[in-house]
Amino acid sequence: MSKQILILPGDGIGPEIMAEAVKVLSVANEKYALNFELVEDVIGGAAIDKHGVPLADETLARARKADAVLLGAVGGPKWDKIERDIRPERGLLKIRSQLGLFGNLRPAILYPQLAEASTLKPEVVSGLDILIVRELTGGIYFGQPRGTETLENGERKAFDTLPYSESEIRRIAKVGFDMARLRGKKLCSVDKANVLASSQLWREIVEEVAKDYPDVALSHMYVDNAAMQLVRAPKQFDVIVTDNMFGDILSDQASMLTGSIGMLPSASLDIDGKGMYEPCHGSAPDIAGQGIANPLATILSVSMMLRYSFSQTAAADAIEQAVSQVLDQGLRTGDIYSEGCNKVGTQAMGDAVVAALRNL
Ligand code: IPM
Ligand code: MG
């Protein structure tokens, strides 16, 4: 039976980078006889324009039915003034939470060809290979109560809530330990346990889960120190496990160690390993429509999808190898460009990956 992949290009550069990722996916589909059927739908601002909401029920139903979801990016200035509850980002948060995609894997790997593109010294980042495991369906992103109220003196006050239950912490901690076990066997749990009650519980539960993983070396770090260590000596990290908001911030930071956020894919998995795959970067409205965005993060998200949702290791490896080859050829989009390289646009980059993949 064929497997269904739901394609959600989204907004801004989303459709441009997705077009290239779909080309690559289609070649892999053929070459490795994957029997994938692609279905496309809208999310974010595109869904607001079409349905009046950032994630229509029918789209959510398609996502539930699909075997995996591939997403571009959402949001843009056109929808910035819309009320908070139906902003484009809400569509993304809703699909994550409705599909139960609590485990967000964000690898930050430095391709040796891009050591020059990092703003950090090559010796600080060369060989970098970190995996950030971010909790994705809890914490301050979803906590209630939240809102704005007017005080007696007429002043407005806004508030959010940062809750974590034991079971939410336990299941993401397990993902962290499982991933560490498959890699360098080092897990760093990042929290703010010196201040936050939710972080104190986080640390307690992570310690508990650690008893089942005696082969993994666990450490704890406060998030402010982790932010500092990530630029001071990033190679000390193997796997980092952290909450929703800290993971959002640290993964953007980690991405710059690798030269560009335009290189980083991500996987968001439910308890059974069903997943949604998306680049870590946003919709970059400032460069949308110009054909200059880097499609590699989305292309690498296809590779993660083949690996994690379909166990198609050979096809996943091949896509990664094809990406590495185009970097070897000196092809660079603007975000990863350095002197002496060949600057190309979104399409040319996608075409080069397709050609490399065909020839493998
Ligand atoms: C990300 C993004 C999203 C997040 C936004 C677009 C809601 O920054 O995937 O990191 O904060 O999770
Ligand atoms: Mg983010």
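Scroll up to find the structure this text is about.
Remember, it's a predicted structure, so these values are computed and weren't measured experimentally. (Residues numbered from 1 in each chain as written. Chains lettered and ligands numbered in written order. Predicted model: local features only at pLDDT ≥ 70, side-chain atom pairs only at ≥ 80, totals over all residues. Heavy atoms only, no water.)

**Here we look at the site of ligand 1**
- In the vicinity of ligand 1, the residues found are Glu89, Leu92, Arg96, Arg106, Arg134, Tyr141 and Asp248.
- Within the side chain of Arg106, one N or O atom sits 2.8 Å away from an oxygen atom of ligand 1.
- Between ligand 1 and Asp248, the relevant distance is 2.9 Å, taken from an oxygen atom to a side-chain nitrogen or oxygen of the residue.
- Protein burial of ligand 1: of its 320 Å² of free accessible surface, 77% is covered by the chains.
- Ranked by residue count, the leading element in the shell around ligand 1 is helix H4 (residues 88–98), at three residues.
- For the shell around ligand 1, the per-class residue count stands at two nonpolar, no polar and five charged.
- When residues are assigned to domains, the shell around ligand 1 turns out to be shared by domain 1 (1–101 + 283–360) and domain 2 (103–269), each giving three or more. (Near = heavy atom within 4 Å. Polar contact = N/O pair within 3.5 Å; in protein donor to acceptor, adjacent residues only side chain to side chain. Areas by Shrake-Rupley, 256 points an atom, 1.4 Å probe, with all protein chains shown as cover. Helix = DSSP H or I, 4+ residues; strand = E, 2+ residues; numbered from the N terminus. Nonpolar A, V, L, I, M, F, W, Y, C, P; charged D, E, K, R; others polar. Domains from an automatic or database assignment.)

**Observations regarding the nonpolar core**
- In this structure, Leu105, Ile130, Val133, Met263, Leu296 and Leu306 are the most contacted members of the largest nonpolar core, which totals 88 residues.
- Per-element tally for this core: the top contributor is helix H11 (residues 313–328), with eight residues.
- Counting residues domain by domain, this core receives three or more from each of domain 1 (1–101 + 283–360) and domain 2 (103–269).
- The next biggest cluster of nonpolar side chains, apart from the first, holds 15 residues, and it includes Leu6, Leu55, Leu99 and Met276. (Core = buried A, V, L, I, M, F, W, Y, C linked by side-chain atoms within 4.5 Å. Buried < 20%, exposed > 50% of the residue type's maximum accessible area, 1.4 Å probe, protein only.)

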